[in-house]
Amino acid sequence: VIALAVERSPNVALARAEWRATIERRPQVTALPDPMAMYSLYIRSVETRVGPQRHKLGFTQSFPYPGTLDAAGRLVDAAADIARANYEKAIRDVIVDTKISYVELAYLGHAAALTEQNHELLAHIATVATTKYAVGEATLADVQRAQSQLAQLEYDRVLLVELAEVERATLRAFLNVAPDTPLGEPAAVPHAPLVDTPSDLDATALASRME
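Here the residue numbers are simple positions, counted from 1 along each chain's written sequence. This being a predicted model, a pLDDT of at least 70 is required before a residue's local features are given, and a value of 80 or more before pairs of side-chain atoms are given or counted; all residues contribute to the totals for chains, interfaces and linings. Processing note: side-chain calculations cover all non-hydrogen atoms of the structure and skip hydrogens and water entirely.

Draft legend 1. Here's a closer look at unusual backbone geometry. Unusually for a residue other than glycine, Asn176 sits at a positive phi of about 60 degrees. Position of Asn176 among the secondary structure elements: in the loop between α5 (140-175) and α6 (198-208). Each residue is assigned to one of three classes by its accessible area relative to the maximum for its type, calculated with a 1.4 Å probe on protein chains only: buried under 20%, partly exposed between the two thresholds, exposed over 50%. On the basis of relative accessibility, which here comes to 47%, the residue Asn176 falls in the partly exposed class. Put simply, DSSP marks the helices as runs of H or I at least four residues long and the strands as runs of E at least two long, and each gets a number from the N terminus on.

Draft legend 2. Highlighting the side chain of Thr115. Along the chain, the position of Thr115 falls in helix α4 (residues 68-134). You can call Thr115 buried: its relative accessible area is 10%. Among all residues touching Thr115, those that are not within four sequence positions of it are Leu153, Asp156, Arg157 and Leu160. In what follows, a contact means two residues having at least one pair of non-hydrogen atoms within 4.5 Å.

Draft legend 3. Layout of the layout of surface pockets. Put simply, the grid is 1 Å and covers the protein atoms alone, a cavity is a trapped set of points that fit a 1.4 Å probe, a pocket is an open set with protein on both sides within 12 Å along at least five of seven lines, and lining residues have an atom within 4 Å of a point. Grid points are joined across faces, edges and corners, and a volume is the space filled by probe spheres set on the points. By volume, the largest pocket is sized at about 180 Å³. Looking at the largest pocket, the residues that line it are Val103, Leu105, Ala106, Tyr107, Gly109, His110, Glu185, Pro186, Ala187, Ala188, Val189 and His191. Three categories are distinguished: nonpolar for Ala, Val, Leu, Ile, Met, Phe, Trp, Tyr, Cys and Pro, charged for Asp, Glu, Lys and Arg, and polar for the others, with Gly belonging to the last. By residue class, the composition of the lining of the largest pocket is 8 nonpolar, 3 polar and 1 charged. Space inside the second largest pocket adds up to approximately 160 Å³. Ser9, Pro10, Asn11, Ala90, Asp93, Val94, Asp97, Ala173 and Phe174 together form the lining of the second largest pocket. Those elements that provide at least two residues to the lining of the second largest pocket are α2 (10-24), α4 and α5. It is α4 that provides the largest number of residues to the lining of the second largest pocket, a total of 4 residues. Here the residues of the lining of the second largest pocket are counted per class, giving 5 nonpolar, 2 polar and 2 charged.

Draft legend 4. Layout of the packing of α4 against α5. Put simply, α4 and α5 touch, their axes get as near as 8 Å, and they point 160 degrees apart. Our classification of the angle between α4 and α5 gives roughly antiparallel. Judged by the twist between their axes, the crossing of α4 over α5 is left-handed. Comment: axis = line fitted to C-alpha atoms, over the contacting stretch for helices; angle = value between 0 and 180 degrees taken between N-to-C directions. Oblique is the label for any angle not under 35 degrees, not over 145, and not in the 65 to 115 range, which are roughly parallel, roughly antiparallel and roughly perpendicular in turn. By the definition used in this description, the sense in which the near helix is turned from the far one sets the handedness, with an anticlockwise turn below a right angle giving left-handed and a clockwise turn giving right-handed.

Draft legend 5. Quick look at the packing of aromatic side chains. Only the six-membered ring of Trp is used, alongside the rings of Phe and Tyr, when aromatic pairs are assigned; centres must lie within 6.5 Å, and planes under 30 degrees apart are stacked while those over 60 apart are edge-to-face, with the rest tilted. Taken as a whole and assessed by the stated rule, the structure comprises 1 aromatic pair. Aromatic pair Trp19 and Tyr87: ring centres 5.5 Å apart, planes at 25 degrees, arrangement stacked. A residue pair is termed long-range when its members are at least 10 positions apart, and Trp19 in helix α2 and Tyr87 in helix α4 qualify at 68 residues.

Here it is as structure tokens:
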């Protein structure tokens, strides 16, 4: 999924094109200005020391001050470094956003499965409570409590389905596919324990973020 998102991302394509365009500017700014050839045709001949003149041909070539072209090349190199960093940053952002969306979709699927199991269990409990209430072995409060919790789980089921559909739409946007493109269920995402402290995470972020 990450590979497809990076390959199809318009932001990544734009950043890559800007980087290439910046690189291609270097030969232009470090080259000498274009030479100029001039031709003149006189309506009347002009008398010169070597005789009458009807035509004149000239050629000019300007040479910038020494070091000017090198300085322009260094500026383009710096701009290319920035464009490359922006390109890598665009890739990083797509990867991060795709990972978050994928993991969120996997979490919602797992949560929906657990909610479905809890709903079945609580529906059985509510049925038992209603039966016991009918024969005087349970109170009305027990029945109402079970029914209330069952109603909450039904709301949770609907909410999880809606959230999962929103996340699928987000993932389709990252993949740059049609809104009705079917998506399979995400694979189980392994989780590693977080052992760093918030201060460690701050230091790592400050040291490694491109910004």
